[in-house]
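# Structural overview
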Amino acid sequence: MSWCVEKIKWQQLNNIICIDNEKSIDAFNSDWSQEDVAHYFESLLERYREISLDNVHLGADRVSYDVTWRQSHYWLHFECYSQSIWFEAIDLISEENLNAFYRYLTNGQ
């Protein structure tokens, strides 16, 4: 599953960072399910080692990870129905650091 992380193209929109579906078309198997999310999340943690897990929230169609990057807090949402994945800033400080977080995700630094 770690191969998929290399193909992810991130896109920044307002206070979220999401996967650019048009550029990441081959990154994930089509029609991934909630059972696949843990594997994708583990792959992300392997690729982006500065991201740490704080908490996990399971919903009917969404798995949300509360993560920290350099003292900024984000939700990483995996929504199965819409096949969407995105980071969302939790607080004002995290919003202010969103550009730096985006650069980290896109450059791996």
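Just above sits the structure.
Residues numbered from 1 in each chain as written. Predicted model: local features only at pLDDT ≥ 70, side-chain atom pairs only at ≥ 80, totals over all residues. Heavy atoms only, no water.

Further remarks concern the overall build of the protein chain. For the protein chain, the count of helices and strands is 4 helices and 6 strands. Ordered by position from the N terminus, the helices and strands of the protein chain form the series α-β-β-α-β-β-β-β-α-α. Expressed as a percentage of the 109 residues in the protein chain, the buried residues total 39%. Residue pairs in contact within the protein chain that sit at least 24 positions apart in sequence constitute 46% of those at least 6 positions apart. Of the roughly 6,400 Å² that the protein chain leaves accessible, carbon and sulfur atoms contribute 45%. (Helix = DSSP H or I, 4+ residues; strand = E, 2+ residues; numbered from the N terminus. Buried < 20%, exposed > 50% of the residue type's maximum accessible area, 1.4 Å probe, protein only. Contact = heavy atoms within 4.5 Å. Areas by Shrake-Rupley, 256 points an atom, 1.4 Å probe, with all protein chains shown as cover.)

With that out of the way, let us pick up helix H4 (residues 98-107). Restricting attention to buried positions, one finds in H4 the residues Leu98, Phe101, Tyr104 and Leu105. For H4, the arc enclosing every buried residue in end-on projection is 115°, short of the 170-degree limit, so these residues lie on one face. (Arc of directions from axis to C-beta.)

Before going further, it helps to spend a moment on the packing of aromatic side chains. Working definition: an aromatic ring pair is given by the centre-to-centre distance plus the angle between the planes. Throughout the structure, instances matching the rule amount to 7 aromatic pairs. Aromatic pair Trp69 and Phe101: ring centres 5.1 Å apart, planes at 40°, arrangement tilted. Of the two residues, Trp69 is situated in strand E4 (residues 62-69) and Phe101 in helix H4; the sequence distance between them amounts to 32 residues. With relative accessibility at 2%, the residue Trp69 sits in the buried group. (Phe/Tyr/Trp six-rings, centres within 6.5 Å; stacked < 30°, edge-to-face > 60°.)

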